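Given next are the chains, with one letter for each unit.
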Amino acid sequence: MTYDRLVCANCAAPVSEGRCPVCRANRERLQQENFLSGLNPMALIALLAVLVAAVALLAHQTA
Ligand SMILES: [Zn+2]
C-alpha cells in the first residue's frame, strides 16, 4: 500500500511530506506496516531454513 497520495485531515497536506505531528505519526505508522509486511515473507523463509537445518541435523544424528 502506498501513502504518497494520502492527505492529512489536520493540515490538508500530503502525509508523505510530514508537515504536522499528525502527518508524521501517520507516516511512521504506515512505514512500520510496510516494513512488517516486507519482513514477514523473509521471516517465514528464515523459519523454514531453520526447520530444514534441524531436520537435516536430526537425520544425520540418527543415521
Ligand atoms: Zn498533517
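Given the structure is predicted, the values throughout are model-derived calculations rather than measurements. (Residues numbered from 1 in each chain as written. Predicted model: local features only at pLDDT ≥ 70, side-chain atom pairs only at ≥ 80, totals over all residues. Heavy atoms only, no water.)

**A closer look at the overall build of the protein**
Heads up, the rule is: Each helix corresponds to a stretch of at least 4 residues labelled H or I by DSSP, and each strand to a stretch of at least 2 residues labelled E; elements are numbered beginning at the N terminus. We compute the radius of gyration from the C-alpha atoms alone; for a globule the expected value is 2.2 Å times N to the 0.38, where N is the number of residues. Any residue under 20% of the maximum accessible area for its type is buried, any over 50% is exposed, and the rest in between are partly exposed; the area is computed with a 1.4 Å probe on protein chains only. Contacts are residue-level and defined by heavy atoms, with any inter-residue pair within 4.5 Å sufficient. For every accessible area listed, the method is Shrake-Rupley and the probe measures 1.4 Å; residues are considered covered only by the protein chains on display. Under this rule, positive means Lys or Arg and negative means Asp or Glu; His and the chain ends count for nothing. To locate a charge, the coordinates of NZ of Lys, CZ of Arg, CG of Asp or CD of Glu are taken.
Scanning the protein from N- to C-terminus turns up one helix and zero strands. Relative to the 2.2 N^0.38 estimate, which gives 11 Å for 63 residues, the radius of gyration of the protein is 21 Å and therefore markedly larger than a compact globule would have. Within the span of the protein, comprising 63 residues, buried residues form 13% of the whole. In the protein, the share of contacts with a sequence separation of at least 24, taken over all contacts with a separation of at least 6, comes to 20%. Of the accessible surface of the protein, which amounts to about 5,100 Å², a share of 66% is contributed by carbon and sulfur atoms. Here the protein contributes 5 positive and 4 negative side-chain charges, whose respective centroids are spaced 4 Å apart.

**Some words on the coordination of the zinc ion**
Basically, it comes down to this: For Na, K and Ca the donor cut-off is 3.2 Å, and for all other metals it is 2.8 Å, counting N, O and S atoms only; because water is absent from this set, sites may look incomplete. All geometry calls rest on donor angles, where a four-donor set with angles between 85 and 135 degrees is tetrahedral, four- and six-donor sets with opposite donors more than 155 degrees apart and all others between 65 and 115 are square planar and octahedral, and all else is irregular.
Taken together, the protein donors to the zinc ion comprise Cys-8 (SG), Cys-11 (SG), Cys-20 (SG) and Cys-23 (SG), at separations of 2.1 to 2.4 Å. Around the zinc ion, the four donor atoms are arranged such that angles at the metal cover 98 to 116°; this shape is classified as tetrahedral. Between consecutive donors of the zinc ion, the numbers of intervening residues give the motif C-x2-C-x8-C-x2-C. Residue Cys-11 is found in the segment before helix H1 (21-62), and its partner Cys-23 is found in helix H1; the two are separated by twelve residues along the sequence.

**Overview of the UniProt feature "transmembrane region" (unreviewed entry) in the protein**
Rules: UniProt positions are given in the numbering used here, feature names are shortened, and annotations may be inferred rather than shown by experiment.
Here, UniProt's "transmembrane region" (unreviewed entry) annotation points to residues 39-59. Strand forms 0% of residues 39-59 and helix 100%; the C-alpha atoms that close the span are 30 Å apart.

**Focus on the environment of Glu-33**
When you line up the elements, Glu-33 lands in helix H1. For the pair formed by Glu-33 and Asp-4, sequence separation is 29 residues and the distance between their alpha carbons is 14 Å.

**Describing the environment of Pro-41**
You can see Pro-41 is positioned in helix H1. The exposure class of Pro-41 is partly exposed, given its relative accessible area of 43%. Residues Pro-41 and Ala-53, spaced twelve residues apart in sequence, show a C-alpha to C-alpha distance of 18 Å.

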